[in-house]
Amino acid sequence: MAVLLPLLAALQYYWLGQVSEAATERLQTSLRASANRFRQDFNREFIRAYLNFQMDSLTPSQDIERYHWERFEHWNQTAPYPRLISEVFVVNYDEQARPRLSRLNVQGKRFELTEWSIEFSNLVDRLAQKGKSFGLTVAASGQNLLEPLAEDIPALIVPFPISSTDKPPNGEPPHPSGFTIIKLDLNYLQREFIPSLIQRHFDDPHNEYNLAVISIRHPERVIYSSRYPAVNPSSSDVSTRIFGLESDELRAFATSEAGATAGGEPPATRQLRLIKLRDPGGPAAVSSTSPGEGNGHWQLLIKHQAGSLAAAVSGVRRRNLAISFGILLLLATGIVITAISTRRAERLARQQINFVAGVTHELRTPLAVICSAGQNLADGIVDSPLKVAQYGEVVYREGQRLTNLVEQVLEFAGAQSGQQRYEFRATDVSHVIKSAVAACQTQIAETNFRLETVIEPSLPAVRGDEAALKRAVQNLISNAIKYDGENHWARIHAQELRGKEGNEVQIAVEDRGPGIRSVDVAHIFEPFYRGAEAVAAQIKGSGVGLSLVKEIVEAHGGRVSVESTSGTGSVFTLHLPIATEADGSNAELTEDKKS
Ligand code: ADP
């Protein structure tokens, strides 16, 4: 067991470590998969919007107004999140190639020329590059160019189809004649769109994860955060780029059924026109995507509330380890307790055998004396009245001894079975002592013993059962006589003691016998326990006397103590609680006795 338990503990530790690693990996994978699904769903809606407004080359230029209005109607009727788009604009160029902005008036079903507002300030610079050699680059379908997004507004920029008149003569890349600007509703995106996707893809009923969407170019710009402060990009468990129109995704969407209806054309004829707008801030930061993260202007960050996934798993591991070790500890304690109680049971069994042997021995001597005295009387060997009286005395004495022994055994059995009943009332201590001394008279006389009794005057009554207390004191006196050595002296001292812990009456029985060895002192109040010296000296006894004394005084709410040094004698003291009004007075007690 001593080897098995540590081995189990070590195995448990090792296994839990392995399980934790696997759990971290599993969590990470599932989180990544969720993030991926989120990204696809997120981007899909913008692709849907993009394709919805992308004109095909057949749209006559005079119908642009009607086209946009119809597409907007179509969007509102078919899109799963129609409120994503807040407004639709169109950019045209005047004769000086200056971009002009027109806003779609949905009610009036027409475009109204409008000023470039501050939110478009970044965009207007980029659109104004038209006509210059470093201007716009138009890519045909299939080229993996960066998406035409203005993340700061946020808006989607859809180029008009390239017509033959758009082609510059000097071989430069062609320019579209205008753009559709789809302005997104940021408020709706933050409050409804992102939360609904999070709810769909991250099953997190206990809010264990902190999710945030931040701008990559300006990480301090938090678009969404499930909790504040938002997740720091450098400390997230999983991250993925979103809000990018990737050509792969565009193609996948366009060839899908949803894509087929979005633009109204059959998928095979759809042309995807992606535009890379010249980036006024230098090389695009978004181009530095790490593999597997995809493109995008925003970043979805996920972090476990515990600090990291590994920290969360190691927290669970610590808890599991604590439980496992707790169980092992419980097991170890159980084993120790079983071992202890087995030892105790063994010792008790040994003591019980000794007890039976002791009691039998104690019975045998008086019985033998009584039998032979009776035999002599019956045989008429004893003829003189004096001798008869002496025989009678012997039979009485031995009978008394037998009675005491039987009573002790019965009382012990009663105490063990819990059936012992005491009648507590105010009890006169001197009376208890006197009757105990009287009961030991035969022993005293036989050994020529000198027993001093000192009872302090005006001793208060104690709360007790007089007969039981008498037996306790009698046991102590009897032991003092039995284990007396050569001194033949003992003293009973009764006094009242007032202390911090309350007042009590003490009855001390002091002898100058051989004393008790310190190894025995701890055990002498246990049932059947006999001191090694007592056994060696063949002093008769059963080992239950002191256990009974302890039982009696404890039932009285008191205690018994012993002071003993080997060779100098012992002092056994009974500490008894003083009687209260409720226990009746001494006077009543005397009346009781008389009656
Ligand atoms: P018993 O006297 O029948 O052995 P007890 O329970 O009365 O049983 O006492 C238990 C043990 O305590 C004794 O065996 C003895 O070793 C020791 N003991 C008790 N009283 C005294 C005493 N007055 N002096 C020395 N040893 C004592």
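Keep in mind the model is a prediction, meaning the values are calculated, not measured.

Considering the packing of aromatic side chains
Thinking step 1. The tally for this structure, following the rule as stated, stands at 17 aromatic pairs.
Thinking step 2. On the numbers, 5.8 Å between centres and 15 degrees between planes, the contact of Phe38 with Phe42 is stacked. A residue pair is termed a helical-turn pair when its members lie 3 or 4 positions apart in one helix, as Phe38 and Phe42 do in helix H1 (residues 4-53) at 4 residues. The two residues Phe38 and Phe42 agree in class, both being buried.
Thinking step 3. Three or more aromatic residues link up through ring pairs in this structure, and these residues are Phe38, Phe42, Phe46, Tyr81, Phe193, Phe202, Phe243 and Trp298.

Brief notes about the pattern of salt bridges
Thinking step 1. The full count for this structure, using the stated rule, is 22 salt bridges.
Thinking step 2. Residue Arg98 is joined to Asp94 by a salt bridge in which the shortest nitrogen-to-oxygen separation is 3.2 Å.

Brief notes about the side chain of Asp511
Thinking step 1. Inspection of the secondary structure puts Asp511 in strand E17 (residues 502-511).
Thinking step 2. Although Asp511 is buried, it makes no salt bridge; Arg512 carries the closest opposite charge, 8.3 Å away.
Thinking step 3. Residues within four places of Asp511 in sequence aside, it is in contact with Ala480, Trp489, Ala490, Thr568, Gly569 and Ser570.

Re the site of the ligand
Thinking step 1. Contacts to the ligand come from 19 residues, most closely from Tyr483, Asp511, Arg530, Ser542 and Leu546.
Thinking step 2. Asn479 places a polar side-chain atom, nitrogen or oxygen, 2.9 Å from an oxygen atom of the ligand.
Thinking step 3. Contact distances for the ligand include 3.0 Å between an oxygen atom and a side-chain N or O atom of Lys482.
Thinking step 4. Taken by itself the ligand offers 530 Å² of open surface, and the protein chains cover 96% of this.
Thinking step 5. Those elements that place two or more of their residues in the shell around the ligand are helix H11 (466-482), helix H14 (545-555) and strand E19 (569-577).
Thinking step 6. Broken down by class, the residue content of the shell around the ligand amounts to 8 nonpolar, 8 polar and 3 charged.

Observations concerning the sheet that holds strand E5 (residues 149-150)
Thinking step 1. Strands sit in the order E3-E2-E1-E7-E6-E5 across an open sheet of 6 strands; the sheet is antiparallel. Each of the sheet's edge strands pairs with one partner strand only, and the pair in question is strand E3 (110-114) and E5.
Thinking step 2. As paired elements, strand E1 (residues 85-93) and strand E2 (residues 99-105) share 5 bridges and run antiparallel to each other. Bridge pairing in E2 places Tyr93 opposite Pro99.
Thinking step 3. With respect to the sheet, helix H2 (residues 64-78) is in contact with E1, E2, E3 and strand E7 (179-184), its orientation differing from that of E1 by roughly 160 degrees.

What counts and how
Each chain has its residues counted from 1, running along the sequence as written. Side-chain atom pairs in this predicted model are given and counted only at pLDDT of 80 or more, local residue features only at pLDDT of at least 70, and totals for whole chains, interfaces and linings cover all residues. Working from all heavy atoms in the structure, the side-chain values ignore hydrogens and water. Between the rings of Phe, Tyr and Trp (Trp by its six-membered ring), a pair exists once the centres lie within 6.5 Å; its type follows the angle of the planes, with under 30 degrees stacked, over 60 edge-to-face, and the other angles tilted. Secondary structure elements follow DSSP: runs of H or I of four or more residues count as helices, runs of E of two or more count as strands, with numbering from the N terminus. The buried label applies to any residue whose accessible area, calculated with a 1.4 Å probe on protein chains only, is under 20% of its type's maximum; exposed applies above 50%, and partly exposed to all values in between. Salt bridges are defined by distance alone: a side-chain nitrogen of Lys or Arg within 4 Å of a carboxyl oxygen of Asp or Glu. Working convention for charge: Lys and Arg count positive, Asp and Glu count negative, and His plus the chain ends are omitted. What makes two residues a contact is simply this: any of their non-hydrogen atoms within 4.5 Å. Distances are taken per atom, and a residue is near a molecule or strand as soon as one of its heavy atoms is within 4 Å of it. Whenever two N or O atoms come within 3.5 Å, that pair is a polar contact, provided that in protein one can donate a hydrogen and the other can accept it, and provided that, for residues adjacent in sequence, both atoms are side-chain atoms. For the accessible areas, the method is Shrake-Rupley and the probe is 1.4 Å, while residue cover comes only from the protein chains on display. Note on residue categories: nonpolar means Ala, Val, Leu, Ile, Met, Phe, Trp, Tyr, Cys or Pro, charged means Asp, Glu, Lys or Arg, and polar means any other residue, Gly included. Strands qualify as paired when DSSP identifies two bridges or more between them. Between N-to-C directions, angles span 0 to 180 degrees; the directions come from axes that are lines fitted to C-alpha atoms, helices contributing only their stretch in contact.

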